[in-house]
Amino acid sequence: MNTKFTFSQFLIRFPNDDSCLEEIKQLRYPEGSLCSKCHKKTNFYKVKGRTAYACQFCGAHIYPLAKTIFDKTSTPLRLWFYAMYLMVQTRAGISAKQLQRELGVTYKTAWRMFKQIRALMADTSGTPLTGTVEVDETFIGGKGKNRAYEHRLNLENEDKEILMGMVERGGKVYLKHIPNTGKWTLLDQIKANVDPKAKIYTDQYGGYTHLSRLGYEHDYVLHRDMQFTKGIVHTQNIESFWSGLKRGITGVYRVVSKKYLQAYADEYAWRYNNRKFEGKMFNRLLEQVPEVRVLPATKLA
Ligand SMILES: [Zn+2]
């Protein structure tokens, strides 16, 4: 497997805006695509000076950027690709402010690009986690310790936000910004995201005791008694995930506002879930471009 996609490789692969456009065109209209006008299997050729391509038989135009995150953008495509490169390659991500500096665009432009690229990173697969799944919550922001088992019952922590994490061992993680750690809040998330045949490991929190009644195979460790593993029963994967995520938040933002916590969590989870692709992570993100339809610019906040 390709280990790294270096910046010099990036520069060779994408020397100009047209090479970026060609990449999107290949993803959306590979050779032998059907022309919607003449209904022939065709190749589309670049129309000079435009972001359009023309059918080799009838000349009908296609617009590879239409309805993608790049639709009607006035920012050069290569800058978009560079922003995507930075968001994929940096371990904990990069802020809109850092993008602004790297790209030399206005903050408004950087923020808009940042938001659109994040839209590519949202997990919409809906595939349930299976096998052995570790579930835990963590507290983000505010003062003091943030381990769930130390603070979960302390209702004074109103300045803290709660993230719930479900990680399949050897697989994906799902993260949800939840309003509270009530039993049904937790159970509803598990029902929505974890296969009923999965084995679930948590800590001893009472919110999880109902899991076996829902048909899940459930076991737990007693963090209260400083028990962190019980053979294979442990939640160390999700816990080390939390420490990475928190270091990321501190390093990139210092604090993440409540409004954007889910978006940051999705972005961070995307990199974790695609970690095995290493140097191909950028390609994985590009492949999302045709999949993610965007609202017209006027509807963007
Ligand atoms: Zn045609």
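Attention in this report is confined to the structure presented alongside it. Here the structure is a predicted model, which is why all the values come from computation and not from measurement. (Residues numbered from 1 in each chain as written. Predicted model: local features only at pLDDT ≥ 70, side-chain atom pairs only at ≥ 80, totals over all residues. Heavy atoms only, no water.)

1. As for the nonpolar core
For step 1, the next point in the chain: If you look at the biggest cluster of nonpolar residues, it comprises 43 residues, and the most contacted ones within it are Phe70, Phe81, Met84, Leu99 and Phe282.
For step 2, the next point in the chain: Breaking this core down by element, the ones donating at least two residues are α2 (17–28), β4 (53–55), α3 (77–89), α4 (96–103), α5 (107–121) and α10 (281–288).
For step 3, the next point in the chain: In terms of residue count, α3 provides more of this core than any other element does, ten residues in total.
For step 4, the next point in the chain: Once residues lying within four places of it in the same chain are set aside, the contact partners of Phe81 are Phe10, Phe14, Cys20, Glu23, Ile24, Phe70, Phe282 and Leu286.
For step 5, the next point in the chain: With 19 residues, the next largest nonpolar core counts Leu129, Leu186, Leu211 and Tyr216 among its residues. (Core = buried A, V, L, I, M, F, W, Y, C linked by side-chain atoms within 4.5 Å. Buried < 20%, exposed > 50% of the residue type's maximum accessible area, 1.4 Å probe, protein only. Helix = DSSP H or I, 4+ residues; strand = E, 2+ residues; numbered from the N terminus. Contact = heavy atoms within 4.5 Å.)

2. Quick word on the pattern of salt bridges
For step 1, the next point in the chain: What the rule picks out here adds up to eight salt bridges.
For step 2, the next point in the chain: In this structure, Arg118 and Glu267 form a salt bridge, with 2.6 Å as the shortest nitrogen-oxygen distance. Taken together, the positions of Arg118 in helix α5 and Glu267 in helix α9 (residues 261–273) put the pair 149 residues apart, joining distant regions of the chain.
For step 3, the next point in the chain: Glu267 sits in the buried class, given a relative accessible area of 1%.
For step 4, the next point in the chain: One salt bridge in this structure joins Glu134 and Arg169, with 2.7 Å as the shortest N-O distance. (Salt bridge = Lys/Arg side-chain N within 4 Å of Asp/Glu carboxyl O.)

3. As for the pairing of strand β8 (residues 173–178)
For step 1, the next point in the chain: Two elements, strand β7 (residues 161–168) and β8, share six bridges in a ladder whose sense is antiparallel. Opposite Val167, over in β8, you have Val173 as the bridge partner.
For step 2, the next point in the chain: In this antiparallel pair of consecutive strands, β7 and β8, the connection spans four residues, and Gly170 shows a positive phi of 75°. (Pairing = 2+ DSSP bridges.)

4. A look at the coordination of the zinc ion
For step 1, the next point in the chain: In this structure, Cys35 (SG), Cys38 (SG), Cys55 (SG) and Cys58 (SG) serve as the protein donors to the zinc ion, at separations of 2.3 to 2.4 Å.
For step 2, the next point in the chain: For the zinc ion, the four donor atoms are set out with angles of 105 to 114° between them, so the coordination reads as tetrahedral.
For step 3, the next point in the chain: Spacing between the donor residues of the zinc ion along their common chain follows C-x2-C-x16-C-x2-C.
For step 4, the next point in the chain: Exposure remark for Cys38: the relative accessible area of 24% places this residue in the partly exposed category. (Donors = N, O, S within 2.8 Å, 3.2 Å for Na, K, Ca; no water. Tetrahedral: all angles 85-135°; square planar, octahedral: opposite > 155°, others 65-115°.)

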